[in-house]
Amino acid sequence: MTAPSVTALDASWRSWVAENVALGVPDGEIVAALRNAGHDPVAAAAEVERASAHPYLAAARRIAAEYGRAEALLDAYGQLRAADGGGLLERRRDVAPAEFFARYYHGHRPVVLQGLLDGSPAREWTFDELRRRFGDVTVEVMTGREADPDHAWRYDDHRTPMPFGSYLDLVAAGPSNDNYMVPRNENWRRDGLAGMREDIVPPAGIVPDDVLPEEMTLLLGPAGTVTPLHHDNMNILLCQVLGRKRVRLVPSFQRHLVYPRGGTFSHVDAESPDLSRFPDYASATVLETVLEPGEALFIPLGWWHWVRALDPAVTVSFHRFAVPGGNTYLSEPHATGAA
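Computed from a predicted model, the values in this text were never measured in an experiment.

Novice: Got a minute to help me understand the packing of helix α2 (residues 27–36) against helix α3 (residues 41–53) in this structure?
Specialist: Look at α2 against α3: their axes get within 9 Å of each other, and the N-to-C directions meet at 140°. The angle between the axes of α2 and α3 places the two elements in the oblique class. Between α2 and α3 the crossing geometry is right-handed. Between α2 and α3, the residues in contact are D27, I30, V31, L34 and R35 and P41, A44, A45, V48 and S52, respectively. Within the contact of α2 with α3, the residues separate by chemical class into 7 nonpolar, 1 polar and 2 charged.

In structure tokens:
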């Protein structure tokens, strides 16, 4: 339990007291935390007593108990999945579509599919070739990310148009997390990049041949780009075209262990988690891999993922699948996260 760093028992402190009372933190621990923060222990004890007696807190405790039962069930499910190999990220080659959909898509399991881009002209790309073919096309890039820890939320403040060739110069300049072309830039829909789209052959039997530009995304950036721990509201097939990316995954059913923020993001820095602030994350199942060029990672709906580019990298993702009988999960208009 970590108390907020404020100096008066104002509304934010009272909210903090109410939250901890509702969660069942012992009264003595709450009072001790308030005392350690400089509050009068008598006043702190009186505030905790008032909160405990308030009818709103009684309702909150009932809700917290329901959440607790749900989390216990999810923990049991996680233990069952771990016993069934759920603690390992499979790497497979030549998986038939029928097995992919039965074991992974409907089984809600991530998997690395090797060689999935074999036969795509994009496997022959170089950054010099992309500059030669598309350098004059105006694209949009997220810039100034380093100065804004909340750039993922304030994305409209970071949109910057520039020639594709100029952006490739930034990519070549060296490792950086300041500039990144992400799904929200919607560059894949630009007519000037139609030739790039045509160089990506949808994986036969897994992605429909008639997949639309809005059902794909383009991610392109220098080494060092980081996508914080988050989840998407759809199934994603993340195809690595150029460069390598390190990926860490946490199961969707361990949401209560990742300290959600803003709905689809996490408070936890998955690269260097602060377990003093987020102790429950120590119990999370973290799957890790390095995605190599030509490989694809299937990320099921709701699975949390963190990504760091190890090299200048190009990634194409699909979020429409050739599911027998139709998509189980409908695609959202936009992918909310990036990789």
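On we go from here.
Novice: Even after reading the chapter, I still don't get unusual backbone geometry, so can you show me in this structure?
Specialist: Excluding glycine, residues mostly carry a negative phi; peptide bonds, for their part, are mostly trans. The backbone of D94 sits at a positive phi, close to 55°, despite the residue not being glycine. Here D94 shows up in the loop between β1 (90–93) and α5 (97–105).

Novice: It is not clear to me how the packing of aromatic side chains should be interpreted in this structure. Could you clarify?
Specialist: Two aromatic rings, taken as a pair, are described by how far apart their centres are and by the angle between their planes. Within this structure, the stated rule accounts for 11 aromatic pairs. With a centroid separation of 6.3 Å and an interplanar angle of 85°, the aromatic rings of F253 and W303 are classed as edge-to-face. Residue F253 is found in the loop between β8 (245–250) and β9 (260–261), and its partner W303 is found in the loop between β12 (296–299) and β13 (304–309); the two are separated by 50 residues along the sequence. When sorted by exposure, F253 lands in the same class as W303, which is buried. An aromatic cluster of three or more residues is present, and its members are F100, F101, Y104, Y105, F298 and F321. Here the guanidinium or amino end of R248 rests over the ring plane of W306, the centre of that ring lying 5.0 Å away.

Reading the values: the criteria
- Residues numbered from 1 in each chain as written.
- Predicted model: local features only at pLDDT ≥ 70, side-chain atom pairs only at ≥ 80, totals over all residues.
- Heavy atoms only, no water.
- Axes fitted to C-alpha atoms, helices over the stretch in contact; angles between N-to-C directions.
- Helix = DSSP H or I, 4+ residues; strand = E, 2+ residues; numbered from the N terminus.
- Parallel < 35°, antiparallel > 145°, perpendicular 65-115°, else oblique.
- Left-handed = near helix turned anticlockwise from the far one by under 90°.
- Contact = heavy atoms within 4.5 Å.
- Nonpolar A, V, L, I, M, F, W, Y, C, P; charged D, E, K, R; others polar.
- Phe/Tyr/Trp six-rings, centres within 6.5 Å; stacked < 30°, edge-to-face > 60°.
- Buried < 20%, exposed > 50% of the residue type's maximum accessible area, 1.4 Å probe, protein only.
- Lys NZ or Arg CZ within 6 Å of the ring centre and 35° of its normal.

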